[in-house]
Amino acid sequence: TELSKFTEQSNLLAIATKSDAATITDYMGTMYGIFENQANAMGKSEWVSVVAGQTAASVQMFKTTGSEMSSAFTALGADATSSGIAMNEQMAVLGQLQATMSGSQAGTKYRSFLAGVGKGQEALGLTFTDSQGKMLGVTKILDEIKGKYGEIDTVEESDALAKAFGTKEAVAMIKLLSANTNGLKSNIAELGAQSDETK
C-alpha cells in the first residue's frame, strides 16, 4: 500500500512540477533519506502526501521546478533536519533562494549557513539557540543579525559576517533572505499548512 502511494504521489508530483517521473522518484528517495524519522512517525503514506503537497506548492510559489528542488535538497542533505528544522521551513528557504540562483547553489548556501551558526553566534555575540541549545528558526536568526547590523549594506558588515560564519556562501544567503524576512515567515507558514494538494 505504501509503495503504491509513493508511486501515485510521485507521478502526480511529476505532472504538477513539470518534471519526469525518474527525477521525482529520485527526489522522493532523497527526501525519505533526509526525513526518515518523520516519515516513520507519521506513517509513510501520510508523509509522502505532505512532501508532495509542500513540493508542488513550493514549485508554484517560487517559480522553480521539481528538478531544481531535488537538486537543492540533494546539496543540502540532512544538515537542516539534524538541526531540528522542519521540512516546510527548509522548502521555503530553498525556494526563496532559488529566486536568484540554481537549486544546487541554494542547497550549498543553506548548508554553509547551518555549518556556521555555532561559530557565528559566538563571534557576533548573538544567540542563535533556544534554552535547550537547539538552533532557532532561520527567520529568528536573521532578525537577530538584522538587529545588530540593519540592512547589511556595507562591505565592512559583509566581511564581519563572512568572518563570523566562515564562508561567503553563508553571507550570500543571509543578505538575500534578510531583505524580506516577513515574506519568508509567510512562506514558511503557507507551506506548513499544505498537506496533499496534488489530489
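Refer to the structure printed above.
About the cut-offs
Residues numbered from 1 in each chain as written. Predicted model: local features only at pLDDT ≥ 70, side-chain atom pairs only at ≥ 80, totals over all residues. Heavy atoms only, no water. Helix = DSSP H or I, 4+ residues; strand = E, 2+ residues; numbered from the N terminus. Rg over C-alpha atoms; globule rule 2.2 N^0.38 Å. Buried < 20%, exposed > 50% of the residue type's maximum accessible area, 1.4 Å probe, protein only. Contact = heavy atoms within 4.5 Å. Areas by Shrake-Rupley, 256 points an atom, 1.4 Å probe, with all protein chains shown as cover. Lys, Arg positive; Asp, Glu negative; His and termini not counted. Charge placed at Lys NZ, Arg CZ, Asp CG, Glu CD. Salt bridge = Lys/Arg side-chain N within 4 Å of Asp/Glu carboxyl O. Core = buried A, V, L, I, M, F, W, Y, C linked by side-chain atoms within 4.5 Å.

1. Description of the overall build of the protein chain
Right, so step 1: Per the secondary structure count, the protein chain includes 12 helices and zero strands.
Right, so step 2: When the helices and strands of the protein chain are placed in sequence order, the string is α-α-α-α-α-α-α-α-α-α-α-α.
Right, so step 3: Radius of gyration (C-alpha) of the protein chain: 17 Å, near the 16 Å computed for a compact globule of 199 residues.
Right, so step 4: In terms of overall dimensions, the protein chain has C-alpha extents of about 55 × 35 × 25 Å along its principal axes.
Right, so step 5: When the 199 residues of the protein chain are sorted by exposure, 50% land in the buried category.
Right, so step 6: A sequence separation of at least 24 residues applies to 69% of the contacts in the protein chain between residues at least 6 apart.
Right, so step 7: Total accessible area on the protein chain stands at roughly 9,200 Å², and carbon and sulfur atoms take up 49% of it.
Right, so step 8: Taken as two groups, the 16 positive and 22 negative side-chain charges of the protein chain have centres that lie 2 Å from each other.

2. Considering the side chain of glutamate 157
Right, so step 1: For glutamate 157, the location among the structural elements is in helix α10 (residues 155-165).
Right, so step 2: Here glutamate 157 occupies a buried position and makes no salt bridge, while the nearest side chain of opposite charge, lysine 175, is found at 7.9 Å.
Right, so step 3: Setting aside residues up to four positions removed in sequence, glutamate 157 forms contacts with Tyr149 and Ile152.

3. Focus on the nonpolar core
Right, so step 1: Counting 61 residues, the largest nonpolar core has Trp47, Phe73, Tyr110, Phe113, Ile145 and Phe165 as its most contacted members.
Right, so step 2: Here this core gets nine residues from one element, more than from any other, and that element is helix α4 (residues 44-62).
Right, so step 3: Here phenylalanine 165 is in contact with Phe113, Gly116, Val117, Gly120, Leu124, Phe128, Ile145, Ala170 and Ile174, once residues within four sequence places are set aside.

The quantities given are spatial measurements derived from coordinates; they are silent on function.
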